[in-house]
Amino acid sequence: RDKHVFTIAPTGSGKTFTFWLPLLFNNNGVLILITALNQLGDKNVQELEPLGITAINITSDNICEKIINDVANLVYQVVIVNPELLVNHKLFINLWKNKKFSSRVFNITFDEAHCICQWGESFCPDYKNLNLLKWRMPSNIRFHVASATMPKSYIKSIQSILQVEPANCTFIHLSNNRPNIHLMVEQIRNTAKSVYDLERVLLLDGDERGPPKFMIFCNKRSECEYIARHLRFKLGSDRCNKVAGDIWGIVCTDAAGMGLDISDVELVVQWKYTVSICTLVQRLGRGARHPSVEATGIYLVESQYFDETQERLRRAAEKHAQKRKGADQSAAASKPASKRRRTGAGPAGADINVDTETISDQEGDEAMVLGGEVVMDVDGVVPSCESGIPLSGGLSDDEYEKAMMSSRLCCDTCNTGSFILTQPHYPPPKSTRAPRKLTFPPYTMTHKENDLCEALKKWRDDQVKIEGLETNIYFGKQLILPDDILKRIVDLAHHFKLPNTQALHAQTGWCYASKYGSHILQYVHLHFPAPPTPVTQQPN
């Protein structure tokens, strides 16, 4: 039809295969693939090599005149590049002026095209400059835009950026339904730092076998590193190494939610709320890539995003407002009549309905702070599942069916045995107030502090070898004893605040305090012996 093509298909459905099909019908033609991540480009090159298709992934590390000359001389059938180089690099700008090359280019494909909208504002602003292609490339070249998640707003934005007319576009739109992924939403009921809810989902306390092959998605890299260290400590080296030569689980950010093809992931967890439903679909879609595998996708969300929490805060806000109103009226009534402010009467018969449920003053104060942000829509029919359990608010059945990612199973209440996380849940740990972290004024380090620091670093190097992490030059040492915790230990030792392992754990938060604390305290007390207890004189 000689039109631009938008392909919207679920994760794991084989969208990448559609990239290469046009090569069969364009003899000696050149296809340009724009990808968000360099790793995806390397993966595509490896997949095309056995098929006899010549391809190259051009990155900022390898771009040079020789490679561009080979591209211009049609050495490669597929050229993979990121938007930054394609739009801004001088060699690529001049490449379009080469008639031999530009006349053979028949297609420009955008992999993970939702990144044009999601990343164009911040992470990769060069996506917004793709409109320059329209002025550089020949008019006969067509775009192929592919993603698992492209709502109408994304499609309009991409059409505007690429400067293509809607009438000149055709759409291949498949449902995002993944019937072999069973979805659950779980509330984070404990503190996020304790990661207890994640332990509960991974069955770390209730099953010696541990979880199946899993992926945990976080919104921040720092959260990934913290959770990975915590899980290594919780699982122990014996369970971490139970699968020789294979990966048991991955803690990752959105970068692993695109193009990563691991066929047998049985558990995918999204840790904490994410604002984009497109991001959520991409991440949970990493599970059960093979049709014969079934997976559970668990969305762990903070309590403030749940209806019952918002309803509780709304009620507390109403009660607090009513108490304030009553207090103001009492204060006005106690003023002299000459100074009393006159107020107009409200509409006849107008009453304020106040929920009489008992709410503590603490909840009222909480609602006073947060209540202004709470919007609670209680109108509309709430559809239910087969068990009569409400599933969503404010949507008709037809609208909800279109919006949801359905499963061949109804829900985890109707089909308990088909989901990984089943009732009853393990009881949460006892809630205790965290000990106060000590703060110290600045001080000048002496040879004693430096000697302790060097001794701890040497102990860490030895421990890395014992644990078999010496090959991990980037994270090996930091997995055992991070630099910030090492510095904190030296500060505490200087002020004689490390009498035992309990104090070490409380003041540093080191996950290995109970395991290695006795060794660390030996070094601390060697360099900083406890000061003698002053002798109090007995009165005569």
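Residues numbered from 1 in each chain as written. Predicted model: local features only at pLDDT ≥ 70, side-chain atom pairs only at ≥ 80, totals over all residues. Heavy atoms only, no water.

Novice: With reference to specific residues and values, describe the overall build of the protein chain.
Specialist: Within the protein chain, the secondary structure is distributed over 20 helices and twelve strands. Expressed as a percentage of its 540 residues, the buried residues of the protein chain come to 41%. The long-range share in the protein chain, meaning contacts at least 24 apart out of those at least 6 apart in sequence, stands at 76%. Within the structure as shown, the protein chain displays about 31100 Å² of accessible surface, and the carbon and sulfur contribution to it stands at 52%. (Helix = DSSP H or I, 4+ residues; strand = E, 2+ residues; numbered from the N terminus. Buried < 20%, exposed > 50% of the residue type's maximum accessible area, 1.4 Å probe, protein only. Contact = heavy atoms within 4.5 Å. Areas by Shrake-Rupley, 256 points an atom, 1.4 Å probe, with all protein chains shown as cover.)

Novice: Break down the pairing of strand β3 (residues 55–58) for me, with residues and values.
Specialist: Burial along β3 is two-sided: the face carrying Ala 55 and Asn 57 and the face carrying Ile 56 and Ile 58 are both buried. Examined bridge by bridge, β3 and strand β4 (residues 78–81) share four bridges and lie parallel to one another. Within β4, the position partnered with Ala 55 by the bridge is Val 78. The handedness of the β3 to β4 crossover, carried by helix α3 (residues 65–72), is right-handed. (Pairing = 2+ DSSP bridges. Right-handed = clockwise from strand over helix to strand, strands pointing away.)

Novice: Tell me what's going on with the sheet that holds strand β11 (residues 267–271), and back it up with residues and numbers.
Specialist: Pairing in this open sheet of five strands is parallel, and the strands run β8-β12-β11-β9-β10 from one edge to the other. Whereas interior strands pair on both sides, the edge strands pair on one side only; in this sheet they are β8 (181–188) and β10 (249–252). When strand polarity is set aside, the average angle formed by the axes of neighbouring strands in this sheet is 15°. In this structure, strand β9 (residues 214–217) lies alongside β11, joined through four bridges in parallel fashion. From the neighbouring strand, Met 215 faces β11, where its bridge partner is Val 268. Those strands touched by helix α12 (residues 277–284) are β8, β9, β11 and β12 (295–302), and its axis lies near 150° from that of β11. (Axes fitted to C-alpha atoms, helices over the stretch in contact; angles between N-to-C directions.)

Novice: A description of the pairing of β12 should follow, citing residues and the corresponding values.
Specialist: With eight of eight residues buried, β12 is to be regarded as a mostly interior element. One ladder, built from five bridges, connects β11 with β12; its direction is parallel. In the sheet register, Gln 270 faces β12, and the bridge partner there is Tyr 299. Traced from β11 through α12 to β12, the parallel crossover comes out right-handed.

Novice: Go over the confidence of the model for the protein chain with me, naming the residues and quoting the values.
Specialist: On average, residues of the protein chain score 78 in pLDDT, and 74% of them reach the 70 mark or higher. In the model, residues 338–397 has pLDDT below 50 throughout and makes 69 contacts with residues more than four positions away in sequence or in other chains. Scored below 50 in pLDDT, residues 399–407 shows 14 contacts in the model against residues more than four places distant or in partner chains. (pLDDT = per-residue confidence, 0-100.)

Novice: Explain the packing of helix α16 (residues 447–466) against helix α20 (residues 513–527) residue by residue, including any values.
Specialist: At a minimum axis distance of 9 Å, the contact between α16 and α20 shows a crossing angle of 155°. The angle between α16 and α20 falls in the class roughly antiparallel. When the axes of α16 and α20 are compared, the crossing they make is right-handed. Contact with α16, carried on its side by Lys 448, Asp 451, Leu 452, Ala 455, Leu 456, Trp 459 and Gln 463, involves Tyr 516, His 519, Ile 520, Tyr 523, Val 524 and His 527 of α20 and no other residues of that element. Residues belonging to the contact of α16 with α20 are distributed by class as follows: eight nonpolar, three polar and two charged. (Parallel < 35°, antiparallel > 145°, perpendicular 65-115°, else oblique. Left-handed = near helix turned anticlockwise from the far one by under 90°. Nonpolar A, V, L, I, M, F, W, Y, C, P; charged D, E, K, R; others polar.)

Novice: Provide a residue-level description of the packing of aromatic side chains, including the pertinent values.
Specialist: Within this structure, the stated rule accounts for eleven aromatic pairs. Ring geometry for Tyr 273 versus Tyr 305: centroids 4.1 Å apart, planes at 15°, classification stacked. Here Tyr 273 is found in the loop between β11 and α12, whereas its partner Tyr 305 is found in the loop between β12 and α13 (307–333), with 32 residues between them in sequence. Judged by relative accessible area, which is 31%, Tyr 273 ranks as partly exposed. A ring pair is formed by Trp 459 and Trp 510, whose centres lie 6.3 Å apart and whose planes are at 80°; its orientation type is edge-to-face. (Phe/Tyr/Trp six-rings, centres within 6.5 Å; stacked < 30°, edge-to-face > 60°.)

Novice: Provide a residue-level description of the environment of Ile 141, including the pertinent values.
Specialist: Among the structural elements, Ile 141 can be located in the loop between α8 (133–136) and β6 (142–147). For Ile 141, a relative accessible area of 0% gives the class buried. The sequence separation of Ile 141 and Ser 103 amounts to 38 residues, and the corresponding C-alpha distance is 9.1 Å. Leaving out residues up to four positions away in the same chain, Ile 141 has contacts with His 4, Trp 96, Ser 102, Val 105, Phe 106, Asn 107 and Ile 108.

Novice: Would you mind going over the side chain of Thr 11 in detail, with residue names and values included?
Specialist: Structurally, Thr 11 can be placed in the loop between β1 (4–8) and α1 (15–20). Polar contacts involving the side chain of Thr 11 include one to the side chain of Arg 178, which spans 2.7 Å. (Polar contact = N/O pair within 3.5 Å; in protein donor to acceptor, adjacent residues only side chain to side chain.)

Novice: Give a detailed account of α3, specifying residues and quantitative values.
Specialist: For α3, the set of buried residues is Ile 67, Ile 68, Asp 70, Val 71 and Ala 72. Those residues of α3 that are buried are in contact with β3, β4, α5 (90–95) and α6 (99–102). Downstream of α3 by a residue or two, Leu 74 has a phi angle that is positive, lying close to 65°.

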